[in-house]
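# Summary of the model geometry
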Amino acid sequence: VDVLGMPGENDTEMHAILAEFGLPYRFEKAVESAADEIPDTITDKDRAHRKDFRKVLTFTIDPTDAKDFDDALSFRKLESGNFEVGVHIADVTYYVRPDTPVDKEAQARGTSVYLVDRTVPMLPEKLSNKLCSLRPGEEKLTFSAVFEMTPRGRVVSSWFGRTNIISDYRFDYEKAQEIIEGAKPEDVPADIQEAVLTLNKLALILRDKRFKAGAVNFERPEMKVDIDENGKPVGVHQKFSKEANWLIEEFMLLANRSVAEFVAKTKKTFVYRVHDEPNLEKLGGLRDFAGHFGYKMGPIGTGRDIAHALNGLMVDAKDKPELGAIQILALRSMAKACYSTENIGHYGLAFPFYTHFTSPIRRYPDMMVHRLLARYLDGKDSANADYYAAQCKHASEREVVAAEAERESTKYKLVEFMQDKIGQEFDGHVSGVTEWGVYVEIEPTKIEGMIPY
């Protein structure tokens with residue numbers, strides 16, 4: 001059916017991983033052509049019925065190598081002393097209509113897939129990197145959640161609707177972090193620097209509230225493989241989250257939960273992102289295991305108690321060699337988040353209502369959420385519950401497949417990275433024990449391997 005190429009070559013191996021998980025690595029001609037036919041000029045008709053944010057200070061913060069910017073933040077001070085914060089999301093569903101070839105393909109894919117060396121996008125490049133990407137200095141159509149907030153981080157009011165924006169500046173996380181840490185780069189206007197600092201203060205307040213409410217906080221170190229232009233792994237480094245990452249994260253969480261809460265009140269069909277409470281039996285196993293190291297976990301009763309007990313355990317074990325093993329067991333006790341039309345809340349984030357609204361370029365559920373929100377803002381009746389329940393199930397399945405393919409591509413690159421290190425010695429710790437051998441994770445790359453008995 002398809003010739004993938006010579007074994008061992010980077011492209012061949014990456015295509016083999018995609019093939020193994022039944023993932024496409026190109027778009028059919030018909031889909032590309034349909035995308036190319038979408039007009040890319042913005043007319044007065046497109047601007048009608050939108051709130052104009054083009055003159056409001058707006059910027060994006062994304063990873064250095066990002067090409068699709070699907071969210072931007074706007075900021076202005078109000079006369080009352082409060083702040084107006086806009087979370088502006090690419091208005092993908094304005095361009096991609098239901099049942100068109102592009103929509104059907106996005107629905108089938110469900111999500112973009114991020115392998116070590118490439119992105120397999122959910123939408124053709126014309127949409128993902130050009131038309132819908134919120135690039136600086138270009139007018140873009142967006143779907144927004146706009147909040148009035150007090151300096152203490154309380155949300156006074158919120159508004160949802162379609163808008164148009166022009167981003168004034170594109171940050172990568174490092175540059176935004178420098179400003180947060182006190183740098184004053186000459187190429188960033190003073191008002192934008194001030195906006196970043198104020199939004200950072202608000203984000204830290206939101207984050208603090210979330211953990212007090214019982215959000216679970218344990219970050220497994222995320223390792224990233226550095227590759228050269230031929231896809232050969234040349235190093236492995238740990239990705240750290242700092243305030244600049246949290247700034248974006250907290251405002252995305254605020255938009256997601258506010259949209260979910262707004263729709264939940266209408267009692268109409270909706271796509272929620274849900275996360276069940278942990279498995280009590282597995283938590284018991286974690287408590288026994290941690291007990292051998294001398295840790296005492298707090299009482300495990302209600303959801304909030306569990307979260308406090310887990311967070312306390314992670315703080316106590318910080319910087320100790322057993323932390324990794326404790327984190328893995330804690331993660332295994334957790335339920336898996338998924339999409340559902342039945343809202344049970346999001347345990348890990350401690351939100352009674354939660355959805356995915358902020359990444360429609362790379363996730364189909366966000367496109368469904370945009371369509372449903374637009375429908376209900378127009379005062380229309382509830383959408384077909386059975387149809388959306390089936391779509392939620394499909395989207396959850398696609399997400400799992402994408403995550404497995406991503407893990408597989410990282411694993412492949414880590415093995416490739418270790419190939420020329422046979423005979424070298426490394427420090428490590430035991431990360432798992434089974435009847436056939438012990439698993440060891442070596443430092444500092446956190447690469448795991450098995451030593452058979």
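Residues numbered from 1 in each chain as written. Predicted model: local features only at pLDDT ≥ 70, side-chain atom pairs only at ≥ 80, totals over all residues. Heavy atoms only, no water.

### What about the overall build of the protein chain?
Rules: By definition, any uninterrupted DSSP run of H or I lasting at least four residues is a helix, any uninterrupted run of E lasting at least two residues is a strand, and each is numbered from the N terminus. The contact definition used throughout considers only heavy atoms, calling two residues in contact when any of these lie within 4.5 Å. In short, Shrake-Rupley with a 1.4 Å probe defines the accessible areas, and a residue's cover is counted only from the protein chains shown. In this tally Asp and Glu are treated as negative and Lys and Arg as positive; neither His nor the chain ends contributes. Every charge is mapped to an atom, namely NZ of Lys, CZ of Arg, CG of Asp or CD of Glu.
Summing up its helical and strand segments, the protein chain has 14 helices and 16 strands in all. Projected onto its principal axes, the C-alpha coordinates of the protein chain cover approximately 70 × 55 × 55 Å. Summarising the internal contacts of the protein chain: among those between residues at least 6 apart in sequence, 69% fall at separations of at least 24. Here the protein chain has roughly 22900 Å² of accessible surface; of this, 52% comes from carbon and sulfur atoms. Taken together, the 60 basic and 74 acidic charged side chains of the protein chain have centroids lying 5 Å from each other.

### A few points about the environment of Thr 111
Where we set the bar: Each residue gets one of three labels from its accessible area relative to the maximum for its type: buried under 20%, exposed over 50%, partly exposed in between, using a 1.4 Å probe on protein chains only. In protein, a polar contact requires one atom able to donate a hydrogen and another able to accept it; more generally it is a pair of N or O atoms within 3.5 Å, and residues adjacent in sequence count only if both atoms are side-chain atoms.
With respect to the helices and strands, Thr 111 occurs in the loop between helix H5 (101–109) and strand E5 (113–114). We classify Thr 111 as buried; its relative accessible area is 15%. As a C-alpha pair, Thr 111 and Ile 361 span 250 residues in sequence and 8.7 Å in three-dimensional space. Every residue in contact with Thr 111, bar those within four places of it in the chain, is listed here: Met 122, Arg 362, Arg 363, Arg 398, Glu 399 and Ala 402. Among the polar contacts made by the side chain of Thr 111, one reaches the main-chain carbonyl oxygen of Arg 362 at a distance of 3.3 Å.

### Structural notes on the sheet that holds strand E16 (residues 447–452)
Basically, it comes down to this: A pair of strands counts as paired when DSSP detects no fewer than two bridges linking them. Structural elements are reduced to axes, namely lines fitted to C-alpha atoms, with helices fitted over the stretch in contact, and the angle between N-to-C directions of any two is expressed from 0 to 180 degrees.
Sheet architecture is open: 3 strands sit in the order E14-E15-E16, paired in antiparallel fashion. Each having just a single partner strand, strand E14 (428–434) and E16 make up the two edges of the open sheet. Along the sheet, successive strands turn relative to each other by an average axial angle of 30°, direction set aside. Pairing of strand E15 (residues 437–442) with E16 involves 6 bridges; the strand directions are antiparallel. By the bridge assignment, Val 440 is partnered in E16 with Gly 449.

### Observations regarding the state of the cysteines
The test is simple: Two cysteine sulfurs form a disulfide in these notes if their separation is within 2.5 Å.
Taken as a whole and assessed by the stated rule, the structure comprises 0 disulfides. Free of any disulfide, Cys 392 has its nearest cysteine sulfur in Cys 338, 8.3 Å distant.

### Topic: a negative patch on the surface
Rule in force here: The residues that make up patches have over 30% relative accessible area and no salt bridge, and they are joined within 9 Å when like-charged or within 5 Å when they are Val, Leu, Ile, Met, Phe, Trp or Tyr. A pair is scored as a salt bridge if a Lys or Arg side-chain nitrogen falls within 4 Å of a carboxyl oxygen belonging to Asp or Glu.
There is a patch of like negative charges on the surface, built from Glu 32, Asp 36, Glu 37 and Glu 125. Assignment of secondary structure puts Glu 32 in helix H2 (residues 29–36).

### Let's talk about the pattern of salt bridges
Scanning the entire structure with this criterion turns up 28 salt bridges. With its nearest N and O atoms 2.7 Å apart, the salt bridge here joins Asp 187 to Lys 175. Of this pair, Asp 187 sits in the loop between helix H7 (173–180) and helix H8 (190–212) while Lys 175 sits in helix H7, and the two are 12 residues apart along the sequence. One salt bridge in this structure joins Lys 212 and Asp 208, with 2.9 Å as the shortest N-O distance. Taken together, the residues Lys 212 and Asp 208, both in helix H8 and 4 residues apart, mark about one turn of the helix.

### Re the packing of aromatic side chains
Spelled out, the test is: In this analysis, rings of Phe, Tyr and Trp, with Trp reduced to its six-membered ring, are considered paired at centre separations within 6.5 Å, and the interplanar angle assigns stacked below 30 degrees, edge-to-face beyond 60, and tilted for intermediate values. Our definition puts a charge over a ring when NZ of Lys or CZ of Arg is within 6 Å of the ring centre and also within 35 degrees of the ring normal.
Evaluated as defined, the whole model comprises 10 aromatic pairs. Taken together, a centroid distance of 5.1 Å and an interplanar angle of 50° make the contact between Phe 160 and Phe 262 tilted. With Phe 160 in strand E8 (residues 155–166) and Phe 262 in helix H9 (residues 243–264), this pair connects stretches of sequence that are 102 residues apart. We classify Phe 160 as buried; its relative accessible area is 8%. Arranged with centres 5.0 Å apart and planes meeting at 90°, the rings of Tyr 387 and Tyr 388 form a pair that is edge-to-face. Accessibility expressed as a relative area gives 39% for Tyr 387, which makes it partly exposed. Among the residues examined, Tyr 388 registers a relative accessible area of 12% and is labelled buried. Each member of the aromatic cluster is reached from another via a ring pair, and the members are Phe 59, Tyr 169 and Phe 171. Above the plane of the ring of Tyr 94 lies Arg 50, whose end atom (NZ or CZ) is 4.7 Å from the centre. The ring of Trp 246 has Arg 207 lying over it, and the distance from NZ or CZ to the ring centre is 3.8 Å.

### Notes on the sheet that holds strand E3 (residues 71–77)
Read from one edge to the other, the open sheet built from 7 strands follows the order E1-E8-E7-E4-E3-E2-E9, with strand pairing classed as mixed. The sheet terminates laterally at strand E1 (51–52) and strand E9 (169–172), the two strands that pair on one side only. Of the strand pairs in this sheet, strand E2 (residues 58–62) and E9 are connected by 4 bridges, and their pairing is parallel. Looking at the pairing, Asp 62 lines up with Asp 172 of E9. Sitting on the sheet, H7 touches E2 and E9, and the angle it makes with E9 is about 90°. Where H8 meets the sheet, its contacts fall on E2, E3, strand E4 (83–90), strand E7 (139–149) and E9, and the angle it forms with E3 comes to roughly 100°.

### Thoughts on the environment of Phe 262
Under the relative-accessibility criterion, Phe 262 is labelled partly exposed at 31%. Residues within four places of Phe 262 in sequence aside, it is in contact with Phe 160, Leu 373 and Leu 377.

### Some words on H7
In terms of burial, H7 is largely enclosed, as 6 of its 8 residues are buried. Those residues of H7 that sit buried are Tyr 173, Lys 175, Ala 176, Gln 177, Ile 179 and Ile 180. Elements in contact with the buried residues of H7: E2, E9, H8 and H9.

### Details of the pairing of E14
Pairing of E14 with E15 involves 6 bridges; the strand directions are antiparallel. Paired with Gly 428 across the two strands is Ile 442, which belongs to E15. Following E14, the chain reverses through 2 residues before pairing antiparallel with E15.

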